Amino acid sequence: MLPIVGHQPISLIDFPGKISTVFFFAGCDLRCPYCHNESLFTFNIENVIPKETVIDEIEKRSKFIDGVVFTGGEPALYDELIDLFKEIKEKADVEIKMDTNGLNPEFIEKAVPYLNFLAIDIKTTPDMYKELGSELTESDIKNRLIKTKAILEDNKKIKVEYRTTMYPPLVESYERIYKMFEFIPGNAEYFLQKFVNDKAWSSKARETHSYTVDQLERMVLEVRRNTRKDNIFVRTYL
Ligand code: SF4
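As the structure is a computational prediction, the values presented were derived from the model and not from experiment.

Attention now goes to the pairing of strand S2 (residues 20-25). By the criterion of burial, S2 is predominantly enclosed, with 5 of the 6 residues buried. Of the strand pairs in this sheet, S2 and strand S3 (residues 67-71) are connected by 5 bridges, and their pairing is parallel. For Val-22, the partnering residue across the bridge sits in S3 and is Val-69. A crossover links S2 with its parallel partner S3, the connecting element being helix H1 (residues 51-61), and its sense is right-handed.

A word on the nonpolar core. Nonpolar side chains in soluble globular proteins tend to be buried together. Of all hydrophobic cores here, the largest spans 67 residues; its most connected members are Phe-70 and Tyr-190. Counting residues per element, this core draws most heavily on helix H2 (residues 81-91), at 5 residues.

Let us look at unusual backbone geometry. Here Gly-72 and Gly-73 are connected by a cis peptide whose omega angle stands at 5°. Even without a glycine there, the phi angle at Arg-228 is positive, about 55°. Note on placement: Arg-228 falls in the loop between helix H7 (213-227) and strand S8 (232-235).

Judged by pairing direction, the sheet is mixed, and its 8 strands sit side by side in the order S1-S2-S3-S4-S5-S6-S7-S8 without closing on themselves. Edge strands, defined here as strands with exactly one partner in the open sheet, are strand S1 (4-11) and S8. Mean inter-strand twist for the sheet, computed between neighbouring axes without regard to direction, equals 20°. Across 5 bridges, S1 lies against S2 in antiparallel orientation. Bridge pairing in S2 links Gly-6 to Phe-24. Taken strand by strand, helix H4 (residues 138-154) contacts strand S5 (117-121) and strand S6 (159-166), and its axis lies near 145° from that of S6.

This paragraph deals with a nonpolar patch on the surface. A surface patch of nonpolar side chains, about 470 Å² in accessible area, is lined by Ile-10, Leu-12, Ile-13, Ile-19 and Phe-64. With respect to the helices and strands, the residue Phe-64 is situated in the loop between H1 and S3.

Between H1 and H2, the least distance of the axes is 11 Å, while the angle of their chain directions is 30°. With respect to H2, the axis of H1 lies roughly parallel. Between H1 and H2 the crossing geometry is right-handed. For the pair H1 and H2, contact is made by Lys-51, Val-54, Ile-55, Ile-58 and Glu-59 and by Asp-83, Leu-84, Glu-87, Ile-88 and Lys-91, respectively.

Thresholds, definitions, all that
Residues numbered from 1 in each chain as written. Predicted model: local features only at pLDDT ≥ 70, side-chain atom pairs only at ≥ 80, totals over all residues. Heavy atoms only, no water. Buried < 20%, exposed > 50% of the residue type's maximum accessible area, 1.4 Å probe, protein only. Helix = DSSP H or I, 4+ residues; strand = E, 2+ residues; numbered from the N terminus. Pairing = 2+ DSSP bridges. Right-handed = clockwise from strand over helix to strand, strands pointing away. Core = buried A, V, L, I, M, F, W, Y, C linked by side-chain atoms within 4.5 Å. Axes fitted to C-alpha atoms, helices over the stretch in contact; angles between N-to-C directions. Contact = heavy atoms within 4.5 Å. Patch = residues over 30% accessible without salt bridge, like charges linked within 9 Å, V, L, I, M, F, W, Y side chains within 5 Å. Areas by Shrake-Rupley, 256 points an atom, 1.4 Å probe, with all protein chains shown as cover. Salt bridge = Lys/Arg side-chain N within 4 Å of Asp/Glu carboxyl O. Parallel < 35°, antiparallel > 145°, perpendicular 65-115°, else oblique. Left-handed = near helix turned anticlockwise from the far one by under 90°.

What follows is the structure, given as structure tokens:
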């Protein structure tokens, strides 16, 4: 069973440049302190939207949407989602985007043939993932992120975006940002995303000040200059 527990019928912001319908998965293998989706950490079976309903909702909107977004939670925890991707592509002329933390390269490899857009949240450097509640070792995190990067570098047909929520305790220095580039494909757009504290589930995160937009813009300029990459941006709306 796929724990899809939420549906936003129309979105103008979740799939860049597209009108989309968005489905939310419950369950996540991380516990980012700044997460706004605490309600999705667990799920009640009564709230699950059956796969048939998901297909119906997409088919009935397919004339006025461009795409479907699967977000979470963590959609890449559920292998059965690959079958749903196949069915969507057979039944509706829509593009598919998925949001993931990038820690399940085996899933990503199977999903890539059906995806048009993949957005990957790289949180911090691998040594800090224990602060996010991960049970994986630093080297496991590193290996998984490297495998994901290699898969995406081999599949140039899908659009790929990486992003980091700029939560100061996890991204406190330029050195940490530069270390994350080891895991980001060169052709992917990379967004430094503003951390918004008021909806964070952890009290520590709620009490933590975010970087200002001015600070983030200065960081982007500095990172562009030092990495000689121009596909790095600030994102403030999420
Ligand atoms: S990976 Fe995403 S859904 Fe999971 S805890 Fe972090 S922010 Fe929340």
